[in-house]
Amino acid sequence: MTKIALTIAGSDSGGGAGVQADLRTFAFHKIHGTSAITCVTAQNTVGVTDVAAITPKLVQAQLAAIFDDMSVDAVKTGMLLNQEIIEAVAKFIRERNVHPLVVDPVMVSRAGVQLIDDSAVISLKTSLLPQATIITPNLYEARILSNQEINTVEEMKQAAVTIQKQLGVPVVLIKGGGLSDRYQSPDVWFDGHNGEILTGERIVTKNTHGTGCTLSSAIAANLALGKDLLTAVKEAKHYVTVALQNSLDIGQGNGPVGHFFPLLL
Ligand SMILES: Nc1ncnc2c1ncn2[C@@H]1O[C@H](COP(=O)(O)OP(=O)(O)O)[C@@H](O)[C@H]1O
Ligand SMILES: Cc1ncc(COP(=O)(O)OP(=O)(O)O)c(N)n1
């Protein structure tokens, strides 16, 4: 039977991240992708030049249109932009008991650019993250969520424990793309009992745009396919590594990861 996944995220006009990356990732996994768009960014490989929010009412209407008609096997959230949209999404997820739910708490891009309003961070912490099956902060986002400095794998482990306990999220995966390690790009998993370092070869390329979106949508795709959470994460990390090996040297800045390769999962 055809599996269905949903991305609740922003549009990236340059096609490297956001909804565009998510739908490509779903398609690669042979999942039918649906989308509830939260905001439209004017963006390319160099940066974001403008952004406009979709009204919370229209975000909710997109969600209702999907869930009133289809049976959704897994959901991911990405860039939610502001407090009103986060509250609308969180309310829908609570009322419809939406799961499994992968929350990529998009706040700051790997280049350090803030992608959501300050007030939105509080709503994210209190309304959305506690409903997630797994959250996938990058180093910047994990610093904000844990209130601690993170520059090493040891500090990633400590922060994962802090975030998991303080926010009551079942599983925290801190992504290590931003570490200054020349050979490895490790992610740290903590599920309340067990911690695990998911190792991965660091691919040397400037074309890393969309890695976080691709990872979280690949996790959602694997969950939609019925895989257990740790397997879903490990296979998603492998997918991102291969996508980085096939990244596209387009544009004048950081090109996107590529999705044009044979299935190697
Ligand atoms: N150069 C790289 N080589 C291999 N894996 C990478 C590289 N950069 C990022 N990753 C991986 O991509 C995923 C997304 O991480 P990251 O880039 O830190 O997130 P974000 O895009 O949200 O800032 C993680 O699994 C991370 O380990
Ligand atoms: C519309 C939109 N959503 C999310 C992001 C951030 O993308 P991400 O893959 O998490 O980060 P980078 O690897 O590109 O830093 C975005 N830029 N736009």
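From a predicted model like this one, the values you see are computed outputs, not experimental measurements. (Residues numbered from 1 in each chain as written. Chains lettered and ligands numbered in written order. Predicted model: local features only at pLDDT ≥ 70, side-chain atom pairs only at ≥ 80, totals over all residues.)

Colleague: What is the right way to look at the packing of helix α2 (residues 56–67) against helix α3 (residues 83–95) in this model?
Modeller: A pair of packed helices is characterised by two quantities: the angle between their axes and the separation of those axes. Packing of α2 against α3 brings their axes to within 9 Å, and their N-to-C directions diverge by 30°. By the angle class used here, α2 and α3 are roughly parallel. Once α2 is placed against α3, the crossing between them reads as right-handed. For the pair α2 and α3, contact is made by P56, V59, Q60 and L63 and by E84, I85, A88, V89 and F92, respectively. Looking at the contact of α2 with α3 residue by residue, the classes come out as seven nonpolar, one polar and one charged. (Axes fitted to C-alpha atoms, helices over the stretch in contact; angles between N-to-C directions. Helix = DSSP H or I, 4+ residues; strand = E, 2+ residues; numbered from the N terminus. Parallel < 35°, antiparallel > 145°, perpendicular 65-115°, else oblique. Left-handed = near helix turned anticlockwise from the far one by under 90°. Contact = placed C-beta atoms within 7 Å. Nonpolar A, V, L, I, M, F, W, Y, C, P; charged D, E, K, R; others polar.)

Colleague: Looking at this structure, how should I read the environment of S216?
Modeller: Mapping S216 onto the fold places it in helix α7 (residues 211–224). S216 gets classed as buried once you count the C-beta atoms within 10 Å, which come to 31. (Buried ≥ 20, exposed ≤ 12 C-beta atoms within 10 Å, placed from the backbone.)

Colleague: Where do I start with the site of ligand 1 in this structure?
Modeller: With respect to spatial proximity, 19 residues lie near ligand 1, and among them N138, K175, G177, S185 and G212 are the closest. Elements with a minimum of two residues in the shell around ligand 1: α7 and α8 (229–245). Here the shell around ligand 1 is built from residues that sort into four nonpolar, 10 polar and five charged. (Near = placed C-beta within 6 Å.)

Colleague: What exactly am I supposed to notice about the pairing of strand β8 (residues 187–190) here?
Modeller: Where a strand is regular, its side chains alternate between the two sheet faces. Alternating positions in β8 separate into two faces, D187 and W189 on one and V188 and F190 on the other, with burial throughout. Inspection of the sheet shows strand β7 (residues 171–174) paired to β8 by three bridges, in the antiparallel sense. Looking at the pairing, I174 lines up with V188 of β8. Bridge count for β8 against strand β9 (residues 195–198) is four bridges, and the pairing is antiparallel. Residue D187 lies in a different strand from β9, and its bridge partner there is L198. Linking β8 to β9, which pair antiparallel, is a turn of four residues; within it G192 sits at a positive phi near 95°. (Pairing = 2+ DSSP bridges.)

Colleague: It is not clear to me how helix α1 (residues 18–28) should be interpreted in this structure. Could you clarify?
Modeller: Residues spaced three or four apart along an α-helix point in a common direction, a consequence of the helix completing one turn every 3.6 residues. Burial within α1 is extensive, with eight of its 11 residues counted as buried. If you check which residues of α1 are buried, you get G18, V19, Q20, A21, D22, R24, T25 and F26. Its buried side turned inward, α1 meets β1 (4–12), β2 (32–43), β4 (74–77) and α7. Phi turns positive one or two residues past the end of α1, at K30, with a value near 60°.

Colleague: Quick question: what am I supposed to make of the sheet that holds β8 here?
Modeller: Sheet strands pair by backbone hydrogen bonding; their relative direction is either parallel or antiparallel. The strand order across the open sheet formed by nine strands is β3-β2-β1-β4-β5-β6-β7-β8-β9, and the pairing between neighbours is mixed. Each edge of the open sheet carries a strand with a single partner, namely β3 (48–53) and β9. Two strands pair when backbone bridges link them, and β1 and β4 are joined in this way by four bridges, in the parallel orientation. Bridge pairing links A5 to A74 in β4.

Colleague: Explain the environment of V98 to me, please; I cannot follow it from the model alone.
Modeller: Tracing the backbone shows V98 in the loop between α3 and β5 (101–103). V98 gets classed as partly exposed once you count the C-beta atoms within 10 Å, which come to 19. A sequence separation of 142 residues divides V98 from V240, and the C-alpha atoms of the two residues are 26 Å apart. Once residues within four sequence positions are removed from consideration, V98 is found in contact with V75 and I93.

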